[in-house]
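Here are the chains, one letter per residue:
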Amino acid sequence: GLLVWSRSVDLSSQINDDERGIVHSFDVEVYGTVDEDQLREKVRSGVDTGISGFPEIRHADIQSAKYLQDSTLQNPRSIISLMTRNAKDNVKELVERCGFKVIEVKCTAVGMIKLGNLQEGELIAAEDEEETWACKFAGLPPEMYPPGAFEGSVLSEREQFPP
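Residues numbered from 1 in each chain as written. Predicted model: local features only at pLDDT ≥ 70, side-chain atom pairs only at ≥ 80, totals over all residues. Heavy atoms only, no water.

**Let's talk about a negative patch on the surface**
Logical step 1: Where like charges cluster on the molecular surface, the negative patch consists of Glu-127, Asp-128, Glu-129 and Glu-131.
Logical step 2: Tracing the sequence through the fold places Glu-131 in helix α4 (residues 128–138).
Logical step 3: Of the residues examined, Glu-131 reaches a relative accessible area of 30% and is grouped as partly exposed. (Patch = residues over 30% accessible without salt bridge, like charges linked within 9 Å, V, L, I, M, F, W, Y side chains within 5 Å. Areas by Shrake-Rupley, 256 points an atom, 1.4 Å probe, with all protein chains shown as cover. Salt bridge = Lys/Arg side-chain N within 4 Å of Asp/Glu carboxyl O. Lys, Arg positive; Asp, Glu negative; His and termini not counted. Charge placed at Lys NZ, Arg CZ, Asp CG, Glu CD. Helix = DSSP H or I, 4+ residues; strand = E, 2+ residues; numbered from the N terminus. Buried < 20%, exposed > 50% of the residue type's maximum accessible area, 1.4 Å probe, protein only.)

**Considerations on the sheet that holds strand β7 (residues 113–114)**
Logical step 1: Read across the open sheet, the five strands follow the order β4-β5-β1-β6-β7; overall the sheet is antiparallel. Sheet topology places β4 (61–67) and β7 at the edges, where each strand pairs with a single neighbour.
Logical step 2: In terms of strand pairing, β4 meets strand β5 (residues 77–84) through six bridges, oriented antiparallel. Paired with Ala-65 across the bridge in β5 is Ile-80.
Logical step 3: Sheet strands in contact with helix α2 (residues 36–45) are β4 and β5, and its direction is about 150° off that of β4. (Pairing = 2+ DSSP bridges. Contact = heavy atoms within 4.5 Å. Axes fitted to C-alpha atoms, helices over the stretch in contact; angles between N-to-C directions.)

**As for the confidence of the model for the protein**
Logical step 1: Per-residue confidence for the protein averages 81 on the pLDDT scale, and 83% of its residues sit at or above 70.
Logical step 2: Within the model, pLDDT remains below 50 along residues 154–163, and this stretch shows 11 contacts once partners closer than five positions in the same chain are excluded. (pLDDT = per-residue confidence, 0-100.)

**Re the pairing of strand β1 (residues 24–31)**
Logical step 1: Counting buried residues in β1 gives six out of eight residues, a clear majority hidden from the surface.
Logical step 2: As defined by bridge partners, β1 adjoins β5 across eight bridges and the pair is classed as antiparallel. The residue of β5 that forms the bridge with Glu-29 is Ile-79.

**Description of the nonpolar core**
Logical step 1: In this structure, Val-28, Val-30, Leu-39, Val-43, Ile-80, Leu-82 and Val-95 are the most contacted members of the largest nonpolar core, which totals 31 residues.
Logical step 2: Among the elements of the structure, α1 (9–15), β1, α2, β4, β5, α3 (91–96), β6 (102–110) and α4 are those that each provide at least two residues to this core.
Logical step 3: In terms of residue count, the dominant contributor to this core is α4 (four residues).
Logical step 4: Residues within four places of Leu-82 in sequence aside, it is in contact with His-24, Ser-25, Phe-26, Val-28, Ala-60, Asp-61, Ile-62, Gln-63, Val-91, Leu-94 and Val-95. (Core = buried A, V, L, I, M, F, W, Y, C linked by side-chain atoms within 4.5 Å.)

Okay, here's the thing in structure tokens:
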């Protein structure tokens, strides 16, 4: 899945800070078939992933749930695409508490930074638009933005020079 790495400690900590509520997207492969509407209703209303006596209610949104055509009748599998607002949400636990056995969880996006067609082990630099978004999100000073980030755009002084 997607791993966002940065030379900026500020940027990394902001992206992974639960208080910021950045949207993380995942593809979760599960055994069985999925009723997309029923699962969406369940995760939107909240799923308790805590231990007995210590509830931890987690929320998510289902983008899609698709049956995998290459699975067998005896072993049906599906892919659930979901989004959650916190980096540390245990997506595997959340989906398992909804009654599914999880095969694999893959992070596909962090905010607007997307995995795309990258294969396992591949690395690429963020596009200028992705890097600008991340810098703006983290409130980094203008000198940390990619070259040309402010050219041709009309940003307020507050956006150009966040506190």
